[in-house]
Amino acid sequence: MAEAAIVVAVVGWFVAPNIKELMDWARSDVVKRYKWSRGFQKKLLDLAVALEEINDVVGAASAGFVNDRARIGRLWRIKDAIHDAEELLDRFQYEILEANLRNLENRGKQKIGSRESRKELEELLGRLDELRESSRDLLQASQSGVRPIPRLITGPLPIKDKIFGYDKEYTDLLSRLSGGDAGVVAIIGHAGTGKTALARRAFHDQKIVRAKFDLCIWVCVYGKFTETELLREIWKSAFRLGPVGEMNVTCLQLALTLMVKSARRYLLVLDDVCNDESAAASELGRWKTWDTVLAPFKQHGGRGSRILMTSRAEICATTLGAGAHIVLNGIDNHSSMMLLKKTAFGDEHAQLPRELQEVLDCNVGKLHGSPLAAEEVGFTLKDKICPANLDEGIKCNRINKWREIMNKDLHKNVYKAHLSSYQDLSPQLQRCFAICSIFPKKWRFEPEKLIMMWIALGFVQGPSEFGEKTTEDVARGYFDALRQRSLFQEAATVKDKSGVSYYVINDHIHSMLRLVCPKYYLTIDGSHGKSPIPLTVRHLSVTTSCLDQLKGYPDGLKKLRTLLVFNDDYASSSSASALVSVLKKFKGVRVLDFSDTFIDEMPEGIGELKHLRYLGLPNTISNLGARVPKLLLLQTLYLKYIAKMGGIGRLDKLQGSVEFHAGKSEEGHGMGELEKLNSLRRMLSIKGLEIVGGKQEAQSAQLDKKEHLKVLKLQWEHRSQQQAKTSDSTVIEGLQPHPNLEKLHITRYLGTTSPTWLADPSVLGNLRSLYLRNCRELKDLPLLGGLPRLELLNIKELSSVERIDHRFCGSGAFESLEKMVLDDMPRLVSWDAEPCGDGIYTPILFPRLKEVKIINCPRLSSLSGLLCCRYSLSHLHVERCRDVTTTFCRSSFPSLTELDTLGCPGLHFEESPDQGDVRTWALLFILVLLCIYYKIKKHLFVTTILQNL
C-alpha cells in the first residue's frame, strides 16, 4: 500500500514554487550590484536557465504519475540537484546580507563567492545538464503512466434497511426535502462518513420522499466537470438510456426541460460532486458550468422540487448554491459497534463470545466513527466467530487474529477513499497538506503558524494578479481551500483566549497522509522502536525522548528541510543537549520548531543554521542571547515574548509578530533596530517608550514604511509627569504608522494633546480599532469622526477628560463606528451633542453605532449624546455612573433590545408621557364608531318593521 502511495505522490511535492524565485534572484539587479569571482555571474545565469527548463518539463509532468522504480530514482536525483541549487543560492544571499551589515562604503567592490563555492557551482551545472534528459523522460513516463485510483461509481441501489448513528441527520434531511425553501440540499463529509448511504435511504423513502416527488433521478457525477459530461450523465440516468450520440448541450438541455416540465415535482440526486482542480478551472467558470447544467431544473421545476447533492468539499456546496447543509462528522462508538456486528454477523445485537466482544470493545474507537471502516472490518471478521468448543490454542490464535484486524490503523478501502481526495488536490495543496503528516494525531493546528511554515519551505507561490496582496494571503487561501474540502475541521474548542481558531485532521486522513510518501515525510516517536531513517527524508518530526536516536545518523540527513520536536511523557533534562548535537548535523533546515517542549536553554550553534526561515521556540526560554540575530534569512520567530533580544534589526526578513523593548542603542535596543523590519505582517508592540529621546529618535523606527503591519501597540511605563524625561507629545509624533494599519493601542501616554496623525484620515484611513488606555494627562479626546473605517473605540482611564461634545466628531460623523466604550473616566461630566436650531439633536452622527458601554464615570451627569445614535443603538450598558440625571423616552430608541443600568439611579427610560392619552383617544374613537354602527343598524331594523306593517 505504501509503495503505491509513493507512485501517486511524487509529482505532488516535486515542482516547488521557489524554483522561480531562485531564477528571478539569479537574474536580479541585486546580483549585478556586487563584484563576483571571475565567471561567477555568467554561471549563475546558466544555473537559472537550467532550472527554468527542468521546471517547465517537470511541471508538465505533474499531471500524471510514475510507477517505474528507475524513473522514480531519477526523480530523486533531480530533486537533490534542485535542493543543492537552493542551498548554494541561499549561501550567496547570506553573504550579500552580511556585506550589507558591515556597512561598507563601496559595496560594489565586495567580492562574493569563494573558490569552494565556484567549484560547487560548476559541479552542480554539470549535474543539471545530465538531468535535463531525465526530466524529459519523466514527462513521457507521466503521460503513459498509471492514472489515479478511481472512486466507486455509485447508483441508487443497493438500499440498506437501517442507517446507524445518523438518526438526527436523517430526520433533518427528510425535513429539508419535504419542506422549507432550500432548493439545493447538501450532505457534506469526508470520505467514508456515509453520505451516499444517507442519500440512498432518503431516495427510497416511500412515506415522505416518494409520496412528494413523482420524478426521482439519481446521478453519480464523480469525475465529470464539463457541461456536456454532466448533462449527458444526467440524461442517461433520467431516461435510462445508453450513449447520447452527437447530442450537444442545447439538445440535452431541451430534452431535460421537457422532462422536468412534464413532472409535478422532481428530486435530483447528484452523488459525489467534486471540485474541478485543474489549473484552467476558476471559481467563476465552475459556477457558470453548474448554472448551465441545472438551468432546466431550476427554471422549470415545480414548486417544492429539490436537488440533493453529496460532496466531500464545502466549496462544491457553495458552487451549487446549497441553501441547507447537513454535515456528517462520523458516528459514535456504539453505532460503529452495531454496524460492525450487522456486517459481520447479520445482526447488530449479535451475542459474541466474551473474548471477541472484549477485543471489539477495546478497539472500536480506532474506527474513528467511519461507517466505511466499520463495514470493512465487519467483512474481514465475517464467518470468523469462535465456537465455544474450539481448542484453547486455536481460540487464542483466532483472538489474536481479530485483535490484529482491529488494530490496523487504516484499511484498504478506507485508504483508497481518502487517497482519492488527496489525488484531487492541486500540487500546491498536496505539498501543503502532506507536511501535516509529521504532526501528531489529533494535533490542534493554528492556521497562522502553519502557513508561515509553508512560506518558509517555499511551498507557496507569490501573489498573482487575482487580488492577493502578499504571499501570506496566498498561503491563507491554501488553508481555506483545504478547509473547504473537509480536510481541516474546526476543533471542538474553537478558540483560545486570544480569539485564535484551531483545526484538526481526521485520524483516518492523517493515517493516509503518513502513507503518502514515507521516504520523504517521517515521524519518530518511539512507537515502533528504533528504525532506520531513509536518506531521502526531507521533513522529520521527533519526540524529545527520541532525540538521542538522531545522533548516530550519517551526514546524508544534512539535506533535511524541516525538523519539529514535540514533547512526550519521557522527556528528560538532556533534551536540550541532545538537540544541540542534532542541529550540528541538520544545518540546512528551513523550519525548526520545538515550541511544544520544555527546553529552557537556547541550543548552542543555532546561529549556524544560515538557511533557517522559521524558528519556533518554547516560552520556557527566557534569554535568546546573541545567537538568533545571526539568522539573516529568518522570516518568522514564533515566540510570545522576544522583548529581551538585542540586535533584532539584523533580521530584516522577519515577518511574524514582534514585541520590542526600547532601550540603549549600544545594547541593540535602540529605535533604529526597527528601521529595516519592513516585512512584519502581524503585530508590533513597542514598550518602554519613555526612554526614547525625542521625535527624531522615534522616527528612526520608520513605522510609516511598514506597509504589511496590521496591529501596532505603543506603550509607556508607569511614571508621573515630573518623572518624564522627554515630552511624550514629541515622541508620539515620530511614531506615525503606515496607512494600512488596522488596530492601534496607545497605553500610558502622558502628553496633553493627541498626535496630529491620529485624526488624519490619510494616515489612519484603514484603522478599524482604537484603544486609548491610561492616558491621564490628555485633556480632550482626539477628533476621530473622520476616520472612515473605525468600528471600535475603547477609551479607558483618561483621567483629565471632562466633556465630550460635537467637536469630538471633527469634520466627520463616525460613519463606521459600531461599538464605543468609556471606562473609568473620573472627571467626565457630560457627553452632549450639538442641538439643531429647532432643539432636535442631529441623527446623522454615529449612524451605525450599535453598542455603547459606559462604566465607572462617577461625575457623569448628562448623556444627551446618546440621542445621536438613537436609531441604530441596540445594546446599552451604563454602570456606576451615580450622578447621571437623564430621562429618555424609550420610543426614541426603536432598535434598543438590551438595556443594563447598574448603579445609575438617575438614568431612566420611560414610555412616552402622552402615550396613555393616545390610547384613550383611540378607545373613544372606537366606541363612537360602534355607537354609530348600532344606531344605523337599529334604524334599519325599525324601518323594516314599519314597511311590513
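Calculation criteria
Residues numbered from 1 in each chain as written. Predicted model: local features only at pLDDT ≥ 70, side-chain atom pairs only at ≥ 80, totals over all residues. Heavy atoms only, no water. Helix = DSSP H or I, 4+ residues; strand = E, 2+ residues; numbered from the N terminus. Buried < 20%, exposed > 50% of the residue type's maximum accessible area, 1.4 Å probe, protein only. Contact = heavy atoms within 4.5 Å. Pairing = 2+ DSSP bridges. Axes fitted to C-alpha atoms, helices over the stretch in contact; angles between N-to-C directions. Salt bridge = Lys/Arg side-chain N within 4 Å of Asp/Glu carboxyl O. Expected span 1.5 Å × (residues − 1). Polar contact = N/O pair within 3.5 Å; in protein donor to acceptor, adjacent residues only side chain to side chain. pLDDT = per-residue confidence, 0-100. Core = buried A, V, L, I, M, F, W, Y, C linked by side-chain atoms within 4.5 Å. Parallel < 35°, antiparallel > 145°, perpendicular 65-115°, else oblique. Left-handed = near helix turned anticlockwise from the far one by under 90°. Phe/Tyr/Trp six-rings, centres within 6.5 Å; stacked < 30°, edge-to-face > 60°. Lys NZ or Arg CZ within 6 Å of the ring centre and 35° of its normal.

**Describing the overall build of the protein**
And step 1. Check the secondary structure of the protein and you find 26 helices and 29 strands.
And step 2. Residues classed as buried in the protein amount to 52% of the 949 residues present.
And step 3. In the protein, once contacts between residues fewer than 6 apart in sequence are set aside, the share between residues at least 24 apart is 67%.

**What about the sheet that holds strand β11 (residues 539-543)?**
And step 1. Strand order in the open sheet formed by six strands is β10-β11-β12-β13-β14-β15, and the pairing between neighbours is parallel. Both outer strands of the open sheet, β10 (521-524) and β15 (636-638), are each paired with one neighbouring strand and no more. For this sheet the average axis-to-axis angle between neighbouring strands, irrespective of direction, equals 10°.

**Re the pairing of strand β26 (residues 875-879)**
And step 1. Relative to β26, strand β25 (residues 851-855) runs parallel, the two being bridged by five bridges. In the strand pairing of β26, Glu851 is matched with His875.
And step 2. Of the pairings in the sheet, the one linking β26 to strand β28 (residues 898-902) comprises five bridges and is parallel in character. Note that in β28 the partner of His877 across the bridge is Asp900.

**What to know about the pattern of salt bridges**
And step 1. A complete count under the given rule lists 16 salt bridges for this structure.
And step 2. In this structure, Glu233 and Lys236 form a salt bridge, with 3.8 Å as the shortest nitrogen-oxygen distance. In this pair, Glu233 and Lys236 both sit in helix α10 (residues 227-239), three residues apart, roughly one turn of the helix.
And step 3. Its relative accessible area of 31% is what places Lys236 among the partly exposed residues.
And step 4. Two residues, Arg476 and Glu448, come together in a salt bridge whose shortest N-O distance is 3.0 Å. Of this pair, Arg476 sits in helix α21 (residues 471-484) while Glu448 is found in helix α20 (residues 447-456), placing the two residues 28 residues apart along the sequence.

**Some remarks on helix α14 (residues 333-345)**
And step 1. In this model, α14 (13 residues) spans 18 Å end to end at C-alpha, consistent with the 18 Å of a helix rising 1.5 Å per residue.
And step 2. Among the 13 residues that make up α14, ten are buried, leaving the element largely enclosed by the rest of the structure.
And step 3. Among the residues of α14, Ser335, Ser336, Met337, Met338, Leu339, Leu340, Lys341, Thr343, Ala344 and Phe345 are the ones counted as buried.
And step 4. For α14, the capping residue at the N-terminal end is Asp332, with a side-chain oxygen 3.3 Å from the backbone nitrogen of His334.
And step 5. Among the residues trailing α14, Gly346 stands out with phi positive, at a value near 80°.

**Some details on the confidence of the model for the protein**
And step 1. Residues with a pLDDT of 70 or more make up 78% of the protein, whose mean pLDDT is 80.
And step 2. Scored below 50 in pLDDT, residues 836-843 makes 13 contacts in the model with residues more than four places away or belonging to other chains.

**A closer look at the side chain of Thr343**
And step 1. By the secondary structure assignment, Thr343 is in helix α14.
And step 2. Given the relative accessible area of 12%, Thr343 is considered buried.
And step 3. A polar side-chain atom of Thr343 sits 2.8 Å from the main-chain carbonyl oxygen of Leu339.
And step 4. Excluding anything up to four places from it in sequence, Thr343 contacts Glu375, Gly378, Phe379 and Lys382.

**Side note on the side chain of His539**
And step 1. Note on placement: His539 falls in strand β11.
And step 2. A relative accessible area of 2% means that His539 is categorised as buried.
And step 3. Side-chain polar atoms of His539 contact the side chain of Thr562, separated by 2.7 Å.

**Here we look at unusual backbone geometry**
And step 1. Although it is not a glycine, His368 sits at a positive phi angle of roughly 55°.
And step 2. The residue His368 is located in the loop between α15 (354-363) and α16 (371-381) in this model.
And step 3. What makes His368 partly exposed here is its relative accessible area of 24%.
And step 4. Unusually for a residue other than glycine, Asn774 sits at a positive phi of about 55°.
And step 5. Summarising the element assignment, Asn774 is placed in the loop between β20 (769-773) and β21 (792-796).

**Some points on the nonpolar core**
The nonpolar side chains of a soluble globular protein tend to be buried with one another.
And step 1. Counting 112 residues, the largest nonpolar core has Leu563 and Leu615 as the members making the most contacts within it.
And step 2. Ranked by the residues each element gives to this core, the list is headed by helix α23 (residues 575-585), at four residues.
And step 3. With near-sequence residues (within four places) excluded, Leu615 lies in contact with Leu592, Phe594, Ile606, Val628, Leu631, Leu634, Thr636, Leu637 and Tyr638.
And step 4. Of all hydrophobic cores here, the second largest spans 48 residues; its members include Phe203, Val269, Ile326 and Phe345.

**Here's the deal with the packing of α10 against helix α12 (residues 283-300)**
And step 1. In the contact formed by α10 and α12, the axes pass within 9 Å of each other and the chain directions differ by 30°. When the axes of α10 and α12 are compared, the pair comes out roughly parallel. The handedness of the crossing between α10 and α12 is right-handed. On α12, the residues that touch Glu227, Leu230, Leu231 and Ile234 of α10 are Lys288, Thr289, Trp290, Thr292, Val293 and Phe297.

**A look at the packing of aromatic side chains**
And step 1. With the rule as written, the count across this model stands at 19 aromatic pairs.
And step 2. Here Trp235 and Phe239 contribute two aromatic rings whose centre-to-centre distance is 5.5 Å and whose plane-to-plane angle is 45°, an arrangement assigned as tilted. Taken together, the residues span about one helical turn, with Trp235 and Phe239 both in helix α10 at a distance of four residues.
And step 3. Here Trp235 falls in the buried class, since its relative accessible area comes to 11%.
And step 4. What makes Phe239 partly exposed here is its relative accessible area of 33%.
And step 5. One cation-aromatic arrangement involves Arg210 over Phe203; the distance from NZ or CZ to the ring centre is 4.6 Å.
And step 6. Directly above the aromatic system of Tyr502 lies the positively charged group of Arg444, at a separation of 4.3 Å from the ring centroid.

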